[in-house]
Amino acid sequence: MKTIRRLIIFLLMGALIMPAGVSAAYLFTNDAMEQQQGDAYAAQLEAETGTVTYRGETFTLQQLGNELLKSASNRRWNNYTFKILNQKEANAYAVPGGHVYITSGLYEMLGWHEKAFIIAHEIGHVEMAHWRETIEKQAQTAFAAALLIRLITGSDEETKEIFEWVGPIIAIAVSRGYGFDKEHEADRKAFDYAVKAGYSPGGGAVAFQLMSNKFGGDDPPSDLSSDIINFINPHPKFSTRISRQLQYLMEYSGGRVTVRDSAVYLDNRFVIDCKPFQHYTAKERAYYMAGELARLAHDGLLTREQKFSANDSGFYINDKLIFYMVKDEESGRTIAQRIVNIVHGVQ
């Protein structure tokens, strides 16, 4: 009978399914308890993996996080910490109570604009209480398991075993993510936080494209049902997330800036076909170029009243360098003339 009880526990906890209406208030009754649970798990995580500090960096992850927090109004938590975990795998985590982590593997893959988006995404999870909602659902499953075991066996002698599963399940929830809807919500928040803090509107699209390139395209497999996919890997496909980031970029520009593969368009007219630069592909560079144009459009600087100028290597507005040209791209003068023609309505 003991074996049967354990099997029931395993099946129910693995299913992560629970009828509505069952209370899990015993786990997280208030913010203080969430902070306590988060602090405990953060200490465990850091003890197990260790943290990394990159010597010689004049700008730290904590400073980046503090910049992004200024973009988050009505914050749930005031004392955030931002740390780099000593892990080769590429990942980032949001732990309750304002603990945000990025692994060294992912940190070393990304530039500062992409890092800003990833950290802003994790801040979004914390601010929208995604962790609490997820763990409460799984606590409800534990409660249901306890009731079922008691009904079958007539005893609650070993239902305490269920609660021994809560710690490992918390770790699984933090590492696996929160499901499609919540990941999209955090992506939306991340775009807003990062752009408001002065980072590129194209940073999120670039971050997902870099990860897609490194990990071999979209996952999970598309031939499975959405429910099964969400259980195996509760993160949306990279292509979906990139498309949404480009949609946010277009909306931010007032509908004026779009990207098609490696080409950037303003008011549906071609501006530039980008080329690879350093470790960025042509498509990733296009996302950044589009981000610069989107910010200009949002700030009202793509109008006839502005001073446009250029040389072979760069494009300027009001004597400020907007972007520079790289090998095999058209000259700054050519790009500037296209933009001027678009702004003035010249065909």
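Residues numbered from 1 in each chain as written. Predicted model: local features only at pLDDT ≥ 70, side-chain atom pairs only at ≥ 80, totals over all residues. Heavy atoms only, no water.

Student: What should I look at first to understand helix 3 (residues 61-69) in this one?
Tutor: Count 3.6 residues to each turn of an α-helix, and residues three or four apart come out pointing the same way. For helix 3, the complete set of buried residues consists of Leu61, Leu64, Gly65, Leu68 and Leu69. Looking down the long axis of helix 3, one finds its buried residues gathered within 140 degrees of arc, a one-sided arrangement. Contacts from the buried residues of helix 3 go to strand 2 (81-85), strand 4 (99-103), helix 4 (104-107), helix 5 (112-127) and helix 9 (180-196). (Buried < 20%, exposed > 50% of the residue type's maximum accessible area, 1.4 Å probe, protein only. Helix = DSSP H or I, 4+ residues; strand = E, 2+ residues; numbered from the N terminus. Arc of directions from axis to C-beta. Contact = heavy atoms within 4.5 Å.)

Student: So what exactly am I meant to see when it comes to the nonpolar core here?
Tutor: Note on soluble globular proteins: their nonpolar side chains tend to be buried together. Counting 71 residues, the largest nonpolar core has Leu302 and Ile339 as the members making the most contacts within it. The leading source of residues in this core is helix 13 (residues 282-298), at nine residues. Among residues more than four places away in sequence, those in contact with Ile339 are Leu266, Val271, Leu293, Leu302, Phe308, Phe315 and Phe323. In terms of nonpolar packing, the next biggest core, distinct from the first, is built from seven residues, Tyr41, Tyr93, Val95 and Tyr101 among them. (Core = buried A, V, L, I, M, F, W, Y, C linked by side-chain atoms within 4.5 Å.)

Student: For this particular structure, what's the right way to read helix 13?
Tutor: The end-to-end C-alpha distance of helix 13, which contains 17 residues, comes to 24 Å, matching closely the 24 Å that a straight helix rising 1.5 Å per residue would cover. Within helix 13, 13 of the 17 residues are buried, which leaves it mostly tucked inside the rest of the structure. (Expected span 1.5 Å × (residues − 1).)

Student: Explain the pattern of salt bridges to me, please; I cannot follow it from the model alone.
Tutor: Once the charged atoms of two side chains with opposite charge are near each other, the side chains can pair. Inspection of every chain in the model, using the stated rule, returns 11 salt bridges. Put simply, Lys83 and Glu46 hold a salt bridge, and the shortest N to O gap is 3.2 Å. Highlighted residues: Lys83 in strand 2 and Glu46 in helix 2 (residues 31-49), separated in sequence by 37 residues. Lys83 gets classed as partly exposed once you look at its relative accessible area, which sits at 31%. The salt bridge partner of Glu183 is Arg241, with a shortest N-O separation of 3.6 Å. Of this pair, Glu183 sits in helix 9 while Arg241 sits in helix 12 (residues 238-252), and the two are 58 residues apart along the sequence. Here Glu183 matches Arg241 in class, with each residue buried. (Salt bridge = Lys/Arg side-chain N within 4 Å of Asp/Glu carboxyl O.)

Student: Would you mind showing me how to read the environment of Leu69 here?
Tutor: Tracing the sequence through the fold places Leu69 in helix 3. Considered as a pair, Leu69 and Ile119 are 50 residues apart in the sequence and their alpha carbons are 10.0 Å apart. Not counting chain neighbours up to four residues away, the residues in contact with Leu69 comprise Arg75, Tyr80, Phe82 and Ile123.

Student: Explain the confidence of the model for the chain here, please?
Tutor: Atomic detail in the predicted coordinates should be set aside for any region of low pLDDT. The predicted model of the chain has a mean per-residue pLDDT of 81, with 73% of residues at 70 or higher. Every residue in residues 1-26 is under pLDDT 50, and counting partners more than four places away or in other chains gives 48 contacts. (pLDDT = per-residue confidence, 0-100.)

Student: Before we go on, may I ask you to explain the sheet that holds strand 9 (residues 314-317) in this structure?
Tutor: Spatial ordering of the open sheet is given by 8-9-10, a layout of three strands whose pairing is antiparallel. The sheet is open, and its two edges are formed by strand 8 (308-311) and strand 10 (320-324), each paired on a single side. For this sheet, the mean angle separating the axes of adjacent strands, direction not counted, is 25 degrees. Across four bridges, strand 9 lies against strand 10 in antiparallel orientation. Across the sheet, residue Ile317 finds its bridge partner in strand 10, namely Lys320. Along the sheet, helix 13 makes contact with strand 9 and strand 10, crossing strand 10 at roughly 155 degrees. Helix-sheet contacts for helix 14 (residues 332-343) involve strand 8, strand 9 and strand 10, and the interaxial angle to strand 8 is about 160 degrees. (Pairing = 2+ DSSP bridges. Axes fitted to C-alpha atoms, helices over the stretch in contact; angles between N-to-C directions.)

Student: Explanation requested: the packing of aromatic side chains in the structure shown.
Tutor: One pair of aromatic rings is described through two measures. These are the centre distance and the angle between the planes. Counting across every chain of the model gives 12 aromatic pairs. Both rings, one in Phe59 and one in Trp112, keep their centres 5.0 Å apart while their planes meet at 80 degrees; by these two values the pair is edge-to-face. Residue Phe59 is found in the loop between strand 1 (51-52) and helix 3, and its partner Trp112 is found in helix 5; the two are separated by 53 residues along the sequence. According to the relative accessible area criterion, Phe59 is partly exposed, its value standing at 22%. We classify Trp112 as partly exposed; its relative accessible area is 28%. Their ring planes at 80 degrees and their centres at 6.1 Å tell us that Phe191 and Tyr252 sit as a pair that is edge-to-face. Separated by 61 residues along the polypeptide, Phe191 in helix 9 and Tyr252 in helix 12 bring together distant segments of the chain. Of the two residues, Phe191 and Tyr252, both sit in the buried class. Put simply, the rings of Tyr54, Phe59, Tyr107 and Trp112 touch in pairs and so form one group of aromatic residues. For Arg188, the ring lying beneath its charged end belongs to Tyr248, and the centroid distance is 4.1 Å. (Phe/Tyr/Trp six-rings, centres within 6.5 Å; stacked < 30°, edge-to-face > 60°. Lys NZ or Arg CZ within 6 Å of the ring centre and 35° of its normal.)

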